[in-house]
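# A closer look at the structure
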Amino acid sequence: MLNSIAYITASSYLAAGLTIGLGAIGAALGEGYAAGLANESISYKPKMSGELLKNMLVGQAIAESAAIFALVVAILLLFAQPSSGSPIVAWSAIGAGLAMGLAAIGSGIGAGSPAGKACLAIVHQPSEKSRIMTTMLVGSAVCQTPAIFGMVISFLLMFMDFSSAPLYPAGAALLGAGLATGLAAIGSGLGSGLPAGAACLGIARQPKSGDKTMTTMLVGSAVCQTPAIFGIVISFLLIFMDFSSVPPYPGWAALLGAGLATGLAAIGSGVGNGFTAMEAVSGTARNPECNSETNRVMLIGMSVGQSTAIYGFLVSLLLVFTKMEPSTSLTSCLRLLGAGISSGFGGIGPGIGLGIVAASAVRWVARRPSSTVALIRTMLVGMAVTESTAIYALIVALLLLFVL
Amino acid sequence: MDEFTHIPQLTLHLFGFNLVFNTETIMMTWVVMGILIVFGFLATRKISFIPNPFQVVGELFVTAFYDLTSDALDEEMAKKYFPIICSLFMFLLLCNYLGIIPKLSEPTKDLNTPLSLGILGFVIAHYSGIKAKGFKKYAKEYFEPIFFMAPLNIIGELAKVVSISFRLYGNVIGGSIIILVVSHLIYSVALPPFMVVFFGIFVGGIQAFVFTMLTLVYISLQVK
């Protein structure tokens, strides 16, 4: 048997590995994408290579910031060892690692999009160089919000004192808190990069409507982050809840399931919303006159697109707040965990699908504003059908929660 | 970490009820309100063709936000909703910038501030929606595309309040936690000024703008 201090140290090392291992994925992909597009742009206009290299490096530096957050958290996990010997600290360390590591994936990939597209945009419209660079900076800074959420949760998990909380169910709750924000941030980070990239290209295409493009990008990216916000709300609930009111068994499964439900379901909606916002931004740049129409359809599409994340959020709230009978049987534990996993995984696909439906509607509203009414109607019906699989998952989750 | 979980509070016992005040948040909100009132007074005191510096800043805010409002709503309604949109932005911007000054803290760091502003926006949007379309048409929208989507549509509307307020709160508190931890690790030597510029000025400004724009867009979704 390990003694408790060794147990905590071991799990801190594991968590540090997870943090930077997962955190390195996103930034590497994003930076590679940016470098690829920079090469492509240099081949169009080799004379501008110095300019483009500078832009690529600045963009990559921002795309890397999520990985640097992960590095900071990993180093803290390695060297800032907690003094208390309660085994709960081991679980909170792993939760902290997962929150930061997973959250860095999305923001890293997302911030690659504005960095790369800005290079292309500068080649097409060299006179708007400084404006494109500003757009890239603002866009990739907004992309970092999900990673910042992950960092907030991982700091809370590392530095708050949980030593008086009971190992069951608090250990699983803290792990769930890390997973909720970490997983939810993947989709939102990835999604909010797409409109930022489209805005860089849009300003190159139509410099005159730059302000409108920028506003649409900010609103679009911000709404893309709603799924990550659901994740952080569930994490706050799980961190600050009163653990003594929950029975240890099957409470741990319910709280872990709550984290997984919102975290997983939010991935799809985040990415899907990103597609929708991207089309709205390029539509605004293409046809600035019907900007308000495009924005309206975008927001309707995005809020319907978030419904799968909302199903996950709903199941999480039910799992956290439903009164449970204490029971140590495996069935009653896995029943609750299964409810969370069902609505979580069930939300990923429909979330992306809904985003694609809304994206094509927005795209054609911008090109053909006269048929807006027909497009919105088709979009809503199409979305209702796309959503049906998420509703099946929700039904199964509710059956597991209340009937079985 | 205690700084973030502990909020200075004052509890009053009145007629058997406990009234809890978050003293620091209230004081900081008063500071922001005071600065805005003084600014408004200075900007409009001597309006002239050759403006004084305060008037220039005021005009910048007014023209920028009047254009944004009239883009999202139409010209007629823009006149009605522009004051709240512009003052919401100025209030939030100052709130987010207040933490840059040592010893002062952002009122937006307390979830109650963004949440109440989010509820304010929600109430305004729905009130103007009912007023513009009539209650019947307003209620009918909840039953689209199919009638059984109504509960989900209502939850979706409520989720907007949660998302708009937690977005601001998460960013502001995230910035201040990161600044605190990093300053603690390096004994406040070099990085904090840079980080204050990034999280305070850059992120704070963007999030104030995003909050304002989303409130405006939610109003325009309801009235159109």
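Residues numbered from 1 in each chain as written. Chains lettered and ligands numbered in written order. Predicted model: local features only at pLDDT ≥ 70, side-chain atom pairs only at ≥ 80, totals over all residues. Heavy atoms only, no water.

### Observations concerning the overall build of chain A
Each helix and strand counted, chain A has 15 helices and 0 strands in total. In terms of overall size, chain A behaves like a compact globule, its C-alpha atoms giving a radius of gyration of 22 Å where 404 residues would be expected to give roughly 22 Å. Reported as C-alpha extents along the three principal axes, the dimensions of chain A are approximately 65 × 50 × 25 Å. Residues classed as buried in chain A amount to 64% of the 404 residues present. Long-range contacts, defined here as pairs at least 24 residues apart, represent 92% of the contacts in chain A between residues at least 6 apart. Entry remark: accessible area of chain A is about 13700 Å², with carbon and sulfur atoms responsible for 69%. (Helix = DSSP H or I, 4+ residues; strand = E, 2+ residues; numbered from the N terminus. Rg over C-alpha atoms; globule rule 2.2 N^0.38 Å. Buried < 20%, exposed > 50% of the residue type's maximum accessible area, 1.4 Å probe, protein only. Contact = heavy atoms within 4.5 Å. Areas by Shrake-Rupley, 256 points an atom, 1.4 Å probe, with all protein chains shown as cover.)

### A few points about the overall build of chain B
From N to C terminus, chain B includes 8 helices and 2 strands. Its helices and strands taken in sequence order, chain B reads α-β-β-α-α-α-α-α-α-α from the N to the C terminus. Based on the C-alpha atoms only, the size of chain B along its principal axes is roughly 60 × 55 × 40 Å. The 224 residues of chain B split such that 45% are buried. In chain B, the proportion of contacts linking residues at least 24 apart, taken out of those at least 6 apart, comes to 65%. Summed over its atoms, the accessible surface of chain B is roughly 12100 Å², and 73% of this surface lies on carbon and sulfur atoms.

### Brief notes about the interface of chain B and chain A
As a measure of interface size, the accessible area lost when the parts come together is often cited. Facing the 36 residues of chain B at the interface are 39 residues of chain A. When the two sides are added together, the surface that chain B and chain A hide from each other amounts to roughly 3400 Å², 86% of it contributed by carbon and sulfur. Across the chain B-chain A interface, the total number found is 0 salt bridges. Linking chain B to chain A there are 3 residue pairs in polar contact (both at pLDDT 80 or more). For the side of chain B that touches chain A, the element with the most residues is helix 7 (residues 150-185) of chain B, which contributes 17 residues. (Buried area = accessible area lost by both parts, 1.4 Å probe. Salt bridge = Lys/Arg side-chain N within 4 Å of Asp/Glu carboxyl O. Polar contact = N/O pair within 3.5 Å; in protein donor to acceptor, adjacent residues only side chain to side chain.)

### As for the side chain of A:S269
Residue and element names in this part refer to chain A. Within the secondary structure layout, S269 lies in helix 10 (residues 248-286). For S269, a relative accessible area of 0% gives the class buried. For S269, the side chain forms a polar contact with the main-chain nitrogen of A309, separated by 3.3 Å. Non-local contacts of S269, meaning those with residues more than four positions away in its chain, are made with P227, G305, Q306, T308, A309 and G351.

### Observations regarding empty space enclosed by the protein
In this structure the tally under the stated criterion is 3 cavities of 30 Å³ or more. Of the volumes computed, that of the largest cavity is approximately 120 Å³. Around the largest cavity sit 13 residues that line it, and B:G121, B:F122, B:A125, B:K160 and B:Y218 are the ones nearest its centre. Of all the secondary structure elements, the ones that give two or more residues to the lining of the largest cavity are helix 5 (112-133), helix 7 and helix 8 (192-223) of chain B. In terms of residue count, the dominant contributor to the lining of the largest cavity is helix 5 of chain B (6 residues). Considered class by class, the residues forming the lining of the largest cavity number 6 nonpolar, 5 polar and 2 charged. In this structure, the second largest cavity is lined by 13 residues; those nearest its centre are A:V223, A:S303, A:Q306, B:K160 and B:Y218. Contributing elements (two or more residues each) for the lining of the second largest cavity: helix 9 (226-240) and helix 11 (291-305) of chain A together with helix 7 and helix 8 of chain B. Per element, the largest residue contribution to the lining of the second largest cavity is 4 residues, and it comes from helix 7 of chain B. (1 Å grid on protein atoms, 1.4 Å probe; cavity = no way out; pocket = protein on both sides within 12 Å on 5 of 7 lines; lining within 4 Å. Points joined across faces, edges and corners; volume = space filled by probe spheres on them. Nonpolar A, V, L, I, M, F, W, Y, C, P; charged D, E, K, R; others polar.)

### Overview of the side chain of A:T135
Among the secondary structure elements, A:T135 is positioned in helix 5 (residues 129-143). The contact partners of A:T135, leaving out residues within four places of it in the chain, are A:A199, A:C200, A:I203, A:M214 and A:M217.

### Observations regarding the pairing of strand 1 (residues 9-14) of chain B
Residues and elements named next belong to chain B. Of the pairings in the sheet, the one linking strand 1 to strand 2 (residues 17-22) comprises 6 bridges and is antiparallel in character. When the sheet's bridge partners are listed, L10 is paired in strand 2 with F21. In this antiparallel pair of consecutive strands, strand 1 and strand 2, the connection spans 2 residues, and F15 shows a positive phi of 50°. (Pairing = 2+ DSSP bridges.)

### Describing helix 12 (residues 307-321) of chain A
Spanning 15 residues, helix 12 of chain A covers 21 Å between terminal C-alpha atoms, matching the ideal 21 Å at 1.5 Å per step. Of all 15 residues in helix 12 of chain A, 11 are buried, a share of seventy percent or more. Turning to helix 12 of chain A, its buried residues are A:S307, A:T308, A:A309, A:I310, A:Y311, A:G312, A:F313, A:V315, A:S316, A:L319 and A:V320. Those residues of helix 12 of chain A that are buried are in contact with helix 9, helix 10, helix 11, helix 13 (330-367) and helix 15 (388-403) of chain A together with helix 7 of chain B. (Expected span 1.5 Å × (residues − 1).)

### Topic: the state of the cysteines
Taken as a whole, this structure holds 0 disulfides over all chains when the rule is applied. Here A:C119 is not disulfide-linked; the sulfur of A:C200 is the nearest cysteine sulfur, at 9.3 Å. (Disulfide = S-S within 2.5 Å.)

### What to know about the environment of A:L174
Residue and element names in this part refer to chain A. Tracing the backbone shows L174 in helix 7 (residues 167-205). A relative accessible area of 0% places L174 in the buried class. Dropping the residues within four chain positions of it, L174 is found in contact with I88, S92, G95, L157, F162, I239 and F243.

### Overview of a nonpolar patch on the surface
Residue and element names in this part refer to chain A. Taken together, Y392, I395, L398, L399, F402, V403 and L404 make up a surface patch of nonpolar side chains, about 720 Å² in accessible area. Within the element layout of this structure, Y392 appears in helix 15. Owing to a relative accessible area of 53%, Y392 belongs among the exposed residues under this scheme. (Patch = residues over 30% accessible without salt bridge, like charges linked within 9 Å, V, L, I, M, F, W, Y side chains within 5 Å.)

Any functional reading would require information that these geometric values do not contain.
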